[in-house]
Every structure is written in C-alpha cells, then in structure tokens.
Amino acid sequence: MVFKNSEEKRNTAWRTVMTVSSVLIVIIAAFFIVKLFTGNPLEGTWVSEDEGIRMEVRGDGSIMLTRINGESEDSLTLDGSVDKENKTFTVQLRSGSAPEAADEAADSTEDDRNPFDGTYSYSIENDILTLTEREYGDQFVFERE
C-alpha cells in the first residue's frame, strides 16, 4: 500500500478515486442515453438481395443507393429524413443534383433512376429493415451489412 501509516492520505486518495469514477460513469451514461434517443435508427449500410440494392443511410440525411448488377455498380445520392414518432422514412431526389445527373434521369424511367422515391413506414427487427410503401403497400426488405 502506498499510504501505509496515514489514514488521512488513504481517505483522500479513496475519495478522489470514487469521485473520478462517479463522474466518468455519469458522462458515459449520458452519452449513451443521448445517442439512444437522438440517433437515427436507420443509419448504417443495408443490403437487399431481392432488389440487388445497397442502401447507405448517413448521419447527415443523405442516402447512397447502389444498384448491384454483377460486375457494374450504379450509384445515386438522395435526401432522406426519418420521423421516429410516426416511424416513417421519406426519400427524395437530391435537390442540388448535377445537370448531367438530371439529364440522365430525364432519359431513364423513374424506376431505373430511383426506385425508392416516396414515403415509407419502417420496421427494424433483428437487423432486418422492412420498408412498406404507405400508398400501395409494396415492401422492400434489407439486411444490415
């Protein structure tokens, strides 16, 4: 023991250790509580084997859709928002897209350029995301990558 003969020094050291430990526990608990209630539940990378699409939902509200077609991959950046209270996920074409992307979009059908444009109800269970289109009821199933 470092402080063999001094009861006062041991008490001071013990109080210091307990205070620092308590402060660290409170800081860590506050971090996890804030992260739990303010974080985006859809944030991360999701893959749909059926649709052949990888969806990366980022913390800044952008969504990167990548269509996986064997050797080639086509990517599209979209805007998205999540309403946790109503459990809705809204996806739309990015408003400030480049002119060449807009020309490509005009040449292709809407399904080719953005199959997910719209508002969906979402459900996450065991790392499986189910997006249900609110108007027609179509479903897309993704697994967390």
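These remarks concern the structure in this document. (Residues numbered from 1 in each chain as written. Predicted model: local features only at pLDDT ≥ 70, side-chain atom pairs only at ≥ 80, totals over all residues. Heavy atoms only, no water.)

**As for the packing of aromatic side chains**
Inspection of the entire model under this criterion finds two aromatic pairs. With centroids separated by 5.3 Å and ring planes inclined at 65 degrees, the aromatic side chains of Phe 31 and Phe 32 adopt a geometry described as edge-to-face. With centroids separated by 6.0 Å and ring planes inclined at 75 degrees, the aromatic side chains of Tyr 120 and Phe 140 adopt a geometry described as edge-to-face. Linking Tyr 120 in strand 6 (residues 118–125) with Phe 140 in strand 8 (residues 139–144), this pair joins segments that are 20 residues apart in sequence. A single burial state applies to Tyr 120 and to Phe 140, both of which are buried. (Phe/Tyr/Trp six-rings, centres within 6.5 Å; stacked < 30°, edge-to-face > 60°. Helix = DSSP H or I, 4+ residues; strand = E, 2+ residues; numbered from the N terminus. Buried < 20%, exposed > 50% of the residue type's maximum accessible area, 1.4 Å probe, protein only.)

**Remarks on unusual backbone geometry**
Phi is positive for Lys 87, which is not a glycine, with a value near 55 degrees. Here Lys 87 lies in the loop between strand 4 (72–83) and strand 5 (88–93). The class for Lys 87 is partly exposed, based on a relative accessible area of 40%. Despite not being glycine, Asn 126 has its phi angle at roughly 55 degrees, a positive value. The residue Asn 126 is located in the loop between strand 6 and strand 7 (128–133) in this model.

**Re a negative patch on the surface**
On the surface, a cluster of negative charge is contributed by Glu 49, Asp 50, Glu 51 and Glu 143. With respect to the element layout, Glu 51 can be found in the loop between strand 1 (44–48) and strand 2 (53–57). Exposure remark for Glu 51: the relative accessible area of 37% places this residue in the partly exposed category. (Patch = residues over 30% accessible without salt bridge, like charges linked within 9 Å, V, L, I, M, F, W, Y side chains within 5 Å. Areas by Shrake-Rupley, 256 points an atom, 1.4 Å probe, with all protein chains shown as cover. Salt bridge = Lys/Arg side-chain N within 4 Å of Asp/Glu carboxyl O. Lys, Arg positive; Asp, Glu negative; His and termini not counted. Charge placed at Lys NZ, Arg CZ, Asp CG, Glu CD.)

**A short note on the environment of Phe 89**
The residue Phe 89 is located in strand 5 in this model. Through-space distance from the C-alpha of Phe 89 to that of Thr 119 is 5.7 Å; in sequence the pair is 30 residues apart. If we ignore the near neighbours within four places in the chain, the residues touching Phe 89 are Leu 42, Met 55, Val 57, Ile 63, Ser 81, Val 82, Gly 118, Thr 119, Tyr 120, Tyr 122 and Leu 131. (Contact = heavy atoms within 4.5 Å.)

**Observations regarding the side chain of Glu 133**
Topologically, Glu 133 is positioned in strand 7. For the buried residue Glu 133, which engages in no salt bridge, the nearest side chain bearing the opposite charge is Arg 134, 10 Å off. Those residues in contact with Glu 133 that sit more than four places away from it in its chain are Thr 119, Tyr 120 and Asp 138.

**Concerning the pattern of salt bridges**
Two side chains of opposite charge can pair, provided their charged atoms sit close to one another. Going through the model one piece at a time under the given rule, you end up with four salt bridges. With its nearest N and O atoms 3.4 Å apart, the salt bridge here joins Glu 56 to Arg 58.

**Regarding a nonpolar patch on the surface**
A cluster of nonpolar side chains, namely Val 20, Leu 24, Ile 28, Phe 31 and Phe 32, defines an oily patch on the protein surface of about 520 Å² accessible area. Inspection of the secondary structure puts Val 20 in helix 1 (residues 7–38).

**What about the pairing of strand 8?**
Summarising the sheet, strand 1 and strand 8 pair through two bridges and their orientation is antiparallel. Residue pairing for strand 8: Trp 46 is matched across the bridge by Arg 144. Direction of pairing for strand 7 relative to strand 8: antiparallel, over a ladder of five bridges. Along strand 8, the bridge assignment pairs Ile 128 with Glu 143. Between strand 7 and the antiparallel strand that follows it, strand 8, lie five residues; Gly 137 among them carries a positive phi value of about 85 degrees. (Pairing = 2+ DSSP bridges.)

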